[in-house]
Amino acid sequence: MRRWFFTLLATVCLCLMTYGSASAAGPVPVWVALSDTGGAHAEAAEALRARVEQAQPGRVVWRVAHWSQFSSPNPEPHWVVAVGAAAQRGMQELFAADPTPPPLLAILVPRPAFERIADPARMQAGLLSAVFLDQPPARQLELIRLALPTVRNVGILVGADSREHSATFERAAKERGMQLVAAPVGQGGLFAALQQVLADAGVLLALPDPAVFNSETAANILMAAYRRQVPLVGFSPAYVKAGALLALYSTPAQVGTRGGDVLRQNLAGRSLPPPQWSREFTVKVNQDVARSLGFALDEARLGEQLREGERP
Amino acid sequence: MAEYSFRISKLAWRCVAQAPLCFALIAMPAAADHAADHVTESDYFDDLPVVLSVSRLAQPLNEVPGAVTVIDRDLIRRSGAREVAEVLRLVPGFLFTRRNGANPLASYHSALDLYGARMQVYVDGRSVYSSFYLGDTHRGLQGIVLEDIERIEVLRGSNSAAYGADAFLGVVNIVTRHAADTHGGMVSISSGDKGIDDNVARVGWGDKGAHFRLTASLRKDRGLDRVNDDTRLSQVHFRADLSPGPHDELRIHVGSMEGGFGEGLAPAAANPGNIERTVGWSDVYANAHWRRELASGEAIEAHLSYEQDRYVDNFPYALLPTIKIDYGGRGSRLEAGFQHTLNAGEHSRLVWGAEWRRETAYSPSFFYSQETFSANRLRTFANMEWRPHAQWLFNVGGLYENHNIIGGSFAPRLMANFHVTPDHTLRAGVTQSSRAPGLYELRGDTRFYNGAALADWTFRSSGQVKAETLISNEVGYFGRIRSLGLTVDARGFVERMNNRVRFSGRTGVGVPNDAINTPGPHIHGFEYQFDWKPFAATRILLSEAHLRSSSGLADETIEAPHRTTTLAWFQKLPGDLDFSLISHASTPYSWQGINNVLDTPRQLDARLAWGLRIGATRGEAAFTVQAINGGHQEYLRAYRFDRRAFATLRLDF
């Protein structure tokens, strides 16, 4: 906590220090609204700010605070960056009555959360975009293909929040000659769904959905998959620590850096590119689990291969 | 393999005593309901407890101190086997036979005994053997429903240091499915030749921290042709998996088996003391196993189990019906133990524990006494896993057993694993094991009376028999060639048995047998298994052992076949079809002396299955033909295992 406190303090000090000098040279006022003033949100905001400052030092006048601190839309900033879903919602509501709102870039928001909150009209007008926290289905399946080349059946547990995305996965799987084994977690409960999916799947891909994967169910899912010798691919470092074979995720800094790039490239204008995933990501392997399941995996090499494959 | 062993304490008592309370608490639905929540970034940043800690993970096969074959449930199902002992044919070095159709049995390396007494069999940590007669495991192996098995781990070799004295020649560790993995219903019906009529029904339920399963099975068949060996076996098994706390697991098993098995020979006049009849067997057991994860890498486990078996086998002597023969009786085992796994320094892990076991036998006819005989064993064991270098792994361990009748014995073991590369491992080691004689061998006294007159005295233990010992030297290799989808395990060995316990042989009517020690065979050879998955839908298994037994006795030398080979092909076909073909063959060997050398037994089994899906119901319809090649000699030259076919329908819903 102390570290984040000092990070925040430094950010605030920097903002205050740069305010006067930048304004003299036609500064761009940017609000950075945080869902939480510490932890991952502050880390992402700091990475974003650092990226912009690195390219255009002093160009931006930053105002970084918890989203609830922005109580009035005036004086209207040139840009608004919302870090996290709560901040995105807060900022959308703040400028709801404004017919010409400033462009809003949401970062560190999972795609399902972004799409649930997003105002479609503003999206169409190029006034709302995002750098997602989650990973594109193609990347996730490509990692499975690289790490577990013999696996053809990819299992997913589908809850209310992940249902609409299973079609995207289905398509991405087909393109790679894989088969998606989706089990709905519904009336029958988690264990019936687990039994169903683990019977056919060679790997279980965890999709973020608090109705399916949460701190209470994670242990049961990990244990059940391990008993069947089915590796689990998680979406956060916590999963690898807990016992997933692999995880693919973007760190807050990676998402923030990408957000910084988007902001930097569009700073002069007033519109945004379409929502996108972070280009940078991390692959993590639990070597104890890998050994126990008989896999030999190198996380650095997997990350490199995955990046190589995504290069245009 | 130390992880797979199961040991005990007073804590287990406490657990069992509090089990109803635990159950009531955890069976209530937890208050938290996430259904209304949506994904936010906090799902990505929330911390999770470590679930698969190092002590919970199974040891990788290249780090196991010994040669291990793992047979999972897919393989069991696809093998078409109806018996656990039959599945063991897939393991290099295992011999399989049927003393008659009602008595299937498996033995490692040599046809040393007819009851599998020198092999250790665990079912979910419960040591399955009978203390009533000769410590046999073969009946206990029948008391398991194949559909409930998750996997069978077979340690090829000797490991008394980790498993105790019964782990003399082979350890078969059967792990049944976790109750959380068998929710819902399942029925399976098999019907076919030779009266094959197998029925299994299962129901599983539970939620979050409490899972339960109840399995019932009724199996029948008529065994071999022209032999009185019908089998009728019914069994019920209950398993509960409970999580009383985030770091605790409690497993409870309760079960019962009851059956009738054909025995004896015709005509009665030629076999007056072994006429055709049905032997009754029943068994009840209860087993609790508790495990707590301590700080990272540490775990304590405790277990408590009780089992009782009863045999009913009485009939008149055919030539003089006033002589009543009664081979019935009962035995019991009570066992309690604990084990503690901890990190001892940066490069070492230590497992230590203790186990107490009391076994009893009651049989007025086998012991010529109304007394219940008992033996108490107290064991302490420790194994240190030491990794001085990334490539080297040493296991040093030992077990001291104090047997209240025959005294103390020590079984040490040293194994080294050298990882030439991460995928290629060499092993070498030496193990000394000792096996205490059973209660019958130590205290048996079998007499037959015609009224008040002694008609025959067939056995009388002098009580002088000592424990058998076995020194096993081995080298091994475990390798993975990932580009070919090939896994190889090979083991070369010299197994020197001393003080083999046998019966002295009778010199005339009225002169009783005794249990005596004889020098015992020295068996050497090598064995290997190739597990090859050349394509995603194809799996080929080759298990082969080359053996030589040297002994001064001709009947002992012929107990080990020069070669046993199992070649199995498992093929998934389009349209949810699944085909398997298994060939098992041995060079001549004998279970019953030099006059009964089996003439190159060969068995070819084929199975074709069709996977069914009707909504949420899944299933399989299968057709299996055993001995499709026409049959072979089984156990005795006069017995034949003939071709038989059966169909199976299984539904999971």
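Remember, it's a predicted structure, so these values are computed and weren't measured experimentally.

Chemist: Mind showing me how you'd approach the overall build of chain B here?
Modeler: Looking only at helices and strands, chain B has 9 helices and 37 strands in total. Since a compact globule built from 653 residues should have a radius of gyration of about 26 Å, the 25 Å found for chain B is in line with a globular shape. Taken along its principal axes, the extent of the C-alpha atoms in chain B is 90 × 55 × 50 Å. For chain B, buried positions account for 49% of its 653 residues. In chain B, of all internal contacts separated by at least 6 residues, the share reaching a separation of at least 24 is 61%.

Chemist: Would you take a moment to explain the overall build of chain A for this structure?
Modeler: Per the secondary structure count, chain A includes 13 helices and 12 strands. Seen through its principal axes, chain A has C-alpha atoms that stretch 65 × 40 × 35 Å. Considering chain A as a whole, with its 312 residues, one finds that 49% of them fall into the buried category. The long-range share in chain A, meaning contacts at least 24 apart out of those at least 6 apart in sequence, stands at 76%.

Chemist: Would you explain the sheet that holds strand β8 (residues 203–205) of chain A in this entry?
Modeler: Whenever strands of a sheet pair, they do so through backbone hydrogen bonds, lying parallel or antiparallel. Residue and element names in this part refer to chain A. Read across the sheet, 6 strands follow the order β7-β6-β8-β9-β10-β12 without closing on themselves; strand pairing throughout is mixed. The strands lining the two open edges of the sheet, one partner per strand, are β7 (179–184) and β12 (282–285). Adjacent strand axes in the sheet meet at a mean angle of 25 degrees when their direction is disregarded. Strand direction decides the pairing type here: strand β9 (residues 232–234) and strand β10 (residues 246–249), joined by 2 bridges, are parallel. Within β10, the residue paired with G234 across the bridge is A247. Together, β6 (153–158), β8, β9, β10 and β12 form the strand contacts of helix α6 (residues 137–147), whose direction differs from that of β10 by roughly 150 degrees.

Chemist: Before we go on, may I ask you to explain the domain arrangement of chain A in this structure?
Modeler: Size of an interface, as often reported, equals the accessible area lost when the parts are brought together. Segmenting chain A into domains produces domain 1 (2–133 + 252–277) and domain 2 (137–249 + 282–310). Summarising the inter-unit geometry, the C-alpha centres of domain 1 of chain A and domain 2 of chain A are found 32 Å apart.

Chemist: What am I meant to see in the packing of α6 of chain A against helix α13 (residues 299–310) of chain A here?
Modeler: Axis angle and axis distance: for two packed helices, these are the angle between their axes and the distance between the axes, and together they describe the pair. Residues and elements named next belong to chain A. For the pair α6 and α13, interaxial distance at closest approach is 10 Å and the crossing angle is 125 degrees. By the angle between their axes, α6 is oblique relative to α13. With respect to the hand of their crossing, α6 and α13 are arranged in right-handed fashion. Listed contacts from α13 to R139, E142, L143, L146 and A147 of α6 are L302, Q305, L306 and G309. In the contact of α6 with α13, the residues fall into 5 nonpolar, 2 polar and 2 charged.

Chemist: In this structure, what is going on with α6 of chain A? I would like to understand it.
Modeler: Because each turn of an α-helix spans 3.6 residues, side chains separated by three or four positions end up pointing in the same direction. Among the residues of α6 of chain A, P137, Q140, L141, L143, I144 and A147 of chain A are the ones counted as buried. For α6 of chain A, the angular spread of buried residues about the axis comes to 150 degrees, placing them on one side.

Chemist: Sorry, what's going on with the sheet that holds strand β3 (residues 79–83) of chain A here?
Modeler: Residues and elements named next belong to chain A. Within the open sheet, the 6 strands sit side by side as β2-β1-β3-β4-β5-β11. Their pairing is parallel. Strands with a single pairing partner mark the edges of an open sheet, and in this sheet they are β2 (60–66) and β11 (276–277). Strands β1 (28–34), β2, β3 and β4 (104–109) of the sheet are contacted by helix α2 (residues 39–55), whose axis makes an angle of about 130 degrees with β4. Here helix α11 (residues 252–266) sits on the sheet in contact with β3, β4 and β5 (128–132), set at roughly 165 degrees to β4.

Chemist: Even after reading the chapter, I still don't get the confidence of the model for chain A, so can you show me in this structure?
Modeler: Reading fine detail from the predicted coordinates is not recommended where pLDDT is low. A residue-level look at chain A finds 92% of positions with pLDDT of 70 or above and a mean pLDDT of 88. In this model, residues 13–25 of chain A is a region of pLDDT below 50 whose contacts with residues beyond four sequence positions or in other chains number 13 contacts.

Chemist: Looking at this structure, I do not really get the interface of chain A and chain B. What am I missing?
Modeler: Contacts between the two partners involve 47 residues from chain A and, on the opposite side, 34 residues from chain B. For the side of chain A that touches chain B, the secondary-structure elements that each account for two or more residues are α2, β4, α4 (111–117), α8 (190–200), α9 (217–227), α10 (237–242) and α12 (287–293) of chain A. Broken down by element, the side of chain A that touches chain B gets its largest block of residues, 8 residues, from α9 of chain A. The residue makeup of the side of chain A that touches chain B, split by class, is 26 nonpolar, 12 polar and 9 charged.

Chemist: So what exactly am I meant to see when it comes to α11 of chain A here?
Modeler: All names here are of chain A. If you check α11, its first and last C-alpha atoms are 21 Å apart, about what 15 residues at 1.5 Å a residue would give, namely 21 Å. Among all positions of α11, only P252, V255, G256, T257, R258, G259, G260, V262 and L263 are buried. Looking at the buried positions of α11, the neighbouring elements they touch are α2, β3, β4 and β5.

Chemist: When you look at the environment of Y44 of chain B in this model, what are you seeing that I'm missing?
Modeler: Along the chain, the position of Y44 of chain B falls in helix α2 (residues 42–45). We classify Y44 of chain B as buried; it has 24 C-beta atoms within 10 Å.

Chemist: What should I look at first to understand the packing of α8 of chain A against α9 of chain A in this one?
Modeler: All names here are of chain A. Where α8 contacts α9, the two axes come as close as 11 Å, and the packing angle between them is 30 degrees. If you check the angle between α8 and α9, you find them roughly parallel. Relative to α9, α8 is oriented so that their crossing is right-handed. Residues L190, L194 and L198 of α8 form the contact with α9, whose own contacting residues are T217, N220, I221, A224 and A225. Tallied by class, the residues present in the contact of α8 with α9 amount to 6 nonpolar, 2 polar and no charged.

Chemist: I tried to follow unusual backbone geometry on my own but got confused; where do I start?
Modeler: Across residues other than glycine, the phi torsion is negative in most instances, and most of the peptide bonds are trans. In this structure, P75 of chain A follows N74 of chain A across a cis peptide bond, with omega equal to -10 degrees. Relative to the elements of secondary structure, P75 of chain A occurs in the loop between β2 and β3. Looking along the chain, the bond that leaves A266 of chain B and enters P267 of chain B is cis, with omega of -5 degrees. One can find P267 of chain B in the loop between β12 (248–263) and β13 (277–293).

Chemist: What exactly am I supposed to notice about the pairing of strand β18 (residues 348–362) of chain B here?
Modeler: Looking along a regular strand, one sees the side chains alternate between the two faces of the sheet. Residues and elements named next belong to chain B. As paired strands, strand β17 (residues 329–343) and β18 are joined by 14 bridges and run antiparallel to one another. Paired with E335 across the strands is R357, a residue of β18. Between the antiparallel neighbours β17 and β18 lie 4 residues, among them G345 with a positive phi of about 90 degrees. As paired elements, β18 and strand β19 (residues 373–389) share 14 bridges and run antiparallel to each other. Across the sheet, S348 pairs through a bridge with W386, a residue of β19.

Thresholds, definitions, all that
- Residues numbered from 1 in each chain as written.
- Chains lettered and ligands numbered in written order.
- Predicted model: local features only at pLDDT ≥ 70, side-chain atom pairs only at ≥ 80, totals over all residues.
- Helix = DSSP H or I, 4+ residues; strand = E, 2+ residues; numbered from the N terminus.
- Rg over C-alpha atoms; globule rule 2.2 N^0.38 Å.
- Buried ≥ 20, exposed ≤ 12 C-beta atoms within 10 Å, placed from the backbone.
- Contact = placed C-beta atoms within 7 Å.
- Pairing = 2+ DSSP bridges.
- Axes fitted to C-alpha atoms, helices over the stretch in contact; angles between N-to-C directions.
- Domains from an automatic or database assignment.
- Parallel < 35°, antiparallel > 145°, perpendicular 65-115°, else oblique.
- Left-handed = near helix turned anticlockwise from the far one by under 90°.
- Nonpolar A, V, L, I, M, F, W, Y, C, P; charged D, E, K, R; others polar.
- Arc of directions from axis to C-beta.
- pLDDT = per-residue confidence, 0-100.
- Expected span 1.5 Å × (residues − 1).

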